Amino acid sequence: MNAVRIAWRVTCLNFRSQLEYRTEFLLMIAIGAIWQVSVIVFATVLLTRFTGMGGWDSSDVLLIPATRMLAHGLFVLVLGRMHGIGRFIQEGQIDVYLLRPMPVHRQVQLQYFPTNAIGDLTVATGLMIGALSRSHLDWNAGRITYFVVCLVGGMLLEAALFTAVASASLRFPTADYWSRWLEELLGTFGSYPLNVLPRAVGGLLTFGIPLAFVAYFPAAVLTGHGHDTGVPYWLAAASPVLGVLAYLAARLLWRWSLDHYTGVNG
Amino acid sequence: MTVLHAWRAARVTPLGELHAPHRMTAVLVRLTVQVVLVASLWNGLYDRTPISAGMSREQAVTYAVLAVLASRLRELDQYAGRDTVIQHMHFGTIVYWYLRPLSPARYHALRALGEQVYGAAWALAGYAVCLAAGVVEPPRSAAVAGVFVLSLLLGQLVLYHVMLLLDQMCFWTVRNSAAMLILIFAQNLMSGVYAPLWFFPAWFRTLSTFLPFQATLNVPLSLYVGRIELSDAPLQLAIQAGWVVLLHLFTRFLWRRAARRVISQGG
């Protein structure tokens, strides 16, 4: 309980510190929104210029970027500081965190308030409202519950991927390079039906870099395309479970990497 | 002696990359995967659509893959080298740029030149592989190839000045990472990195003609794939050259103003 109170107070102070530079604060909200709008622009261009995507109609396709964006926005808000850990390591911040009586992971997450998450979540909510208003699905309690669980699962899966890269950064600071690529991949190829890609490439984005589990499989199950994803239906439906398991594994990896962290001076 | 100084400054980034094999491996893997994914996406989209927005499958795939390769020209892991302007401003080490027997403007340009030549080697190697594998089409004629190379060079000059503007912004704003991200986003979107500009609505393409971003990549790539005819090339090249001159004059003015703002620790 005390830990939660401290985390909340630090978050409030971080938020106030972000407000110190008002223009930067507003621009950070804008950047979150603009990055997400880029996905919408690209999706709109593709949907208007081509006859559907992979046998999905536009309302179903829109559910994929909407789910991914919401999951991403939640990740940025709650666990997103893993994304910039390469910089903390380069600047020696981790060495400072190791001396304090608070878990290093929590200190990293409390490093600053992610203002851009406000923009991310605003656009994601807007897109989700748009996707739901076009949707012909029966949004009963079961489907809504599954959708919410999928959002949490998607957030955890994204967190797991970035935590794994952060763990590598503890040993190899330049591994931070991969986190930018991962974000780019998630933003582009995580937002469309992957069955539009050749089977081998789709397999890479499913079993190599499991971004298909963030939004594509959950959306496929919700919209009735779950049997056409190229993986067994149960695996696509179990995407949220995979998110939880991947996150737990990533945290174990983080703990192991931190135990073997030697700092810049050896 | 000047040439020696220039050579030493220009080779900093390439040398740094060559001494970090894991970073080079990362670039190779990332570039390969990105090319495969982009080519697969556009091929998949064209499965049931022979022509879209006036572009054939071959034109769209070639444009998109070349855009990925071209984006490598300036996307090195500069942050790891701790020699970006924003890092120097953050740590207060920008003052050293003003203590060397080499002006900051020239140092910045030489570093960028080295980076772009190094990046061009990657892009060229990638292009050769893609061409041999049939992923991209060859230019339609020698004239198209020549005009494309000239346009690409001008485009890189425009891109250098756009990136320089971002760096120069650091002299005026304490926190400017958001503004930098927005400008980088605009550059990627309006130059055709995300998707060929020909797929965007007419109003978007009209807006792009008034901004320098499309001159960096869209113009050379459109010349290459034949969306801009050779007869229109002189006008497009002139517009690119115009942007280079305009941005050069503006950034030179900003370098002079920036110098007045730099103070060493203690004032």
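Everything numeric in this text was worked out from a predicted model, so none of it was measured.

Novice: Please give an account of the confidence of the model for chain B that cites residues and values.
Specialist: Residues with a pLDDT of 70 or more make up 94% of chain B, whose mean pLDDT is 86. For this predicted complex, the interface confidence reaches an ipTM of 0.76, while the overall pTM sits at 0.83.

Novice: Give a description of the nonpolar core that names residues and reports values.
Specialist: For soluble globular proteins, the rule of thumb is that nonpolar side chains tend to be buried together. Among the nonpolar cores identified, the biggest contains 137 residues, and Ile85(A), Ile94(A) and Trp42(B) are the most heavily contacted of them. The greatest single-element share of this core, amounting to twelve residues, is contributed by helix H8 (residues 141–171) of chain A. Leaving out residues up to four positions away in the same chain, Ile85(A) has contacts with Ile94(A), Val108(A), Ala166(A), Ser169(A), Asp176(A) and Trp254(A). Listed in part, the 20 residues of the second largest apolar core include Ile94(B), Tyr107(B), Met163(B) and Cys170(B).

Novice: I'd like a description of unusual backbone geometry, backed by residues and values.
Specialist: Even without being a glycine, Ala53(B) presents a positive backbone phi close to 50 degrees. Structurally, Ala53(B) can be placed in the loop between strand E1 (51–52) and strand E2 (55–56).

Novice: Just give me the short version of a positive patch on the surface, but keep the residues and values in it.
Specialist: On the surface, a cluster of positive charge is made up of Arg252(B), Arg256(B), Arg257(B), Arg260(B) and Arg261(B). Here Arg252(B) is to be found in helix H12 (residues 233–259).

Novice: So, the pattern of salt bridges: which residues are in play, and what are the values?
Specialist: Scanning the model with the defined rule gives two salt bridges over all chains in all. Glu184(A) is paired through a salt bridge with Arg30(B); the nearest N and O atoms lie 2.8 Å apart. Of this pair, Glu184(A) sits in helix H9 (residues 176–189) while Arg30(B) sits in helix H3 (residues 21–45), each in a different chain. The exposure class assigned to Glu184(A) is partly exposed, which follows from its relative accessible area of 28%. Classification of Arg30(B) as buried rests on a relative accessible area of 2%. Notably, a salt bridge pairs Glu115(B) with Arg111(B), separated by 3.9 Å at the nearest N-O pair. Of this pair, Glu115(B) and Arg111(B) both sit in helix H6 (residues 104–133), four residues apart, which is roughly one turn of that helix. You'll find Glu115(B) and Arg111(B) in the same group, each marked buried.

Novice: Could you give an account of the side chain of Thr206(A), with specific residues and numbers?
Specialist: When you line up the elements, Thr206(A) lands in helix H10 (residues 199–208). From its side chain, Thr206(A) meets the backbone oxygen of Gly202(A) in a polar contact 2.7 Å long.

Novice: Which residues make up the packing of aromatic side chains, and what are the values?
Specialist: Following the criterion strictly, the structure yields 16 aromatic pairs over all chains and no others. With a centroid separation of 5.7 Å and 80 degrees between ring planes, the pair formed by Trp203(B) and Phe204(B) is classed as edge-to-face. A residue is classified by how much of its surface remains accessible, and Trp203(B), at 59% relative accessible area, is exposed. By relative accessible area, which is 7% here, Phe204(B) ends up buried. An aromatic cluster is defined as three or more aromatic residues linked by ring pairs; in this entry it consists of Trp56(A), Phe213(A), Tyr216(A) and Phe217(A). Here the basic side chain of Arg81(A) rests over the ring of Tyr112(A), its NZ or CZ set 5.9 Å away from the ring centre. Sitting over the ring of Trp198(B), Arg227(B) keeps its end group 4.3 Å from the ring centre.

Novice: Which residues make up the interface of chain A and chain B, and what are the values?
Specialist: In this assembly, 37 residues from chain A lie in contact with 45 residues from chain B. Across the chain A/chain B interface, buried area totals approximately 3900 Å², and carbon plus sulfur atoms make up 67% of it. In terms of surface lost to chain B, no three residues of chain A exceed Arg49(A), Phe50(A) and Tyr177(A), which account for 18% of the buried area on that side. Taken together, the connections running from chain A to chain B amount to one salt bridge. The interface formed by chain A and chain B holds five residue pairs in polar contact (both at pLDDT 80 or more) in total. Broken down by element, the side of chain A that touches chain B gets its largest block of residues, 13 residues, from helix H2 (residues 22–49) of chain A. Residue composition of the side of chain A that touches chain B, by class: 24 nonpolar, seven polar and six charged.

Analysis parameters
Residues numbered from 1 in each chain as written. Chains lettered and ligands numbered in written order. Predicted model: local features only at pLDDT ≥ 70, side-chain atom pairs only at ≥ 80, totals over all residues. Heavy atoms only, no water. pLDDT = per-residue confidence, 0-100. Core = buried A, V, L, I, M, F, W, Y, C linked by side-chain atoms within 4.5 Å. Buried < 20%, exposed > 50% of the residue type's maximum accessible area, 1.4 Å probe, protein only. Helix = DSSP H or I, 4+ residues; strand = E, 2+ residues; numbered from the N terminus. Contact = heavy atoms within 4.5 Å. Patch = residues over 30% accessible without salt bridge, like charges linked within 9 Å, V, L, I, M, F, W, Y side chains within 5 Å. Areas by Shrake-Rupley, 256 points an atom, 1.4 Å probe, with all protein chains shown as cover. Salt bridge = Lys/Arg side-chain N within 4 Å of Asp/Glu carboxyl O. Lys, Arg positive; Asp, Glu negative; His and termini not counted. Charge placed at Lys NZ, Arg CZ, Asp CG, Glu CD. Polar contact = N/O pair within 3.5 Å; in protein donor to acceptor, adjacent residues only side chain to side chain. Phe/Tyr/Trp six-rings, centres within 6.5 Å; stacked < 30°, edge-to-face > 60°. Lys NZ or Arg CZ within 6 Å of the ring centre and 35° of its normal. Buried area = accessible area lost by both parts, 1.4 Å probe. Nonpolar A, V, L, I, M, F, W, Y, C, P; charged D, E, K, R; others polar.

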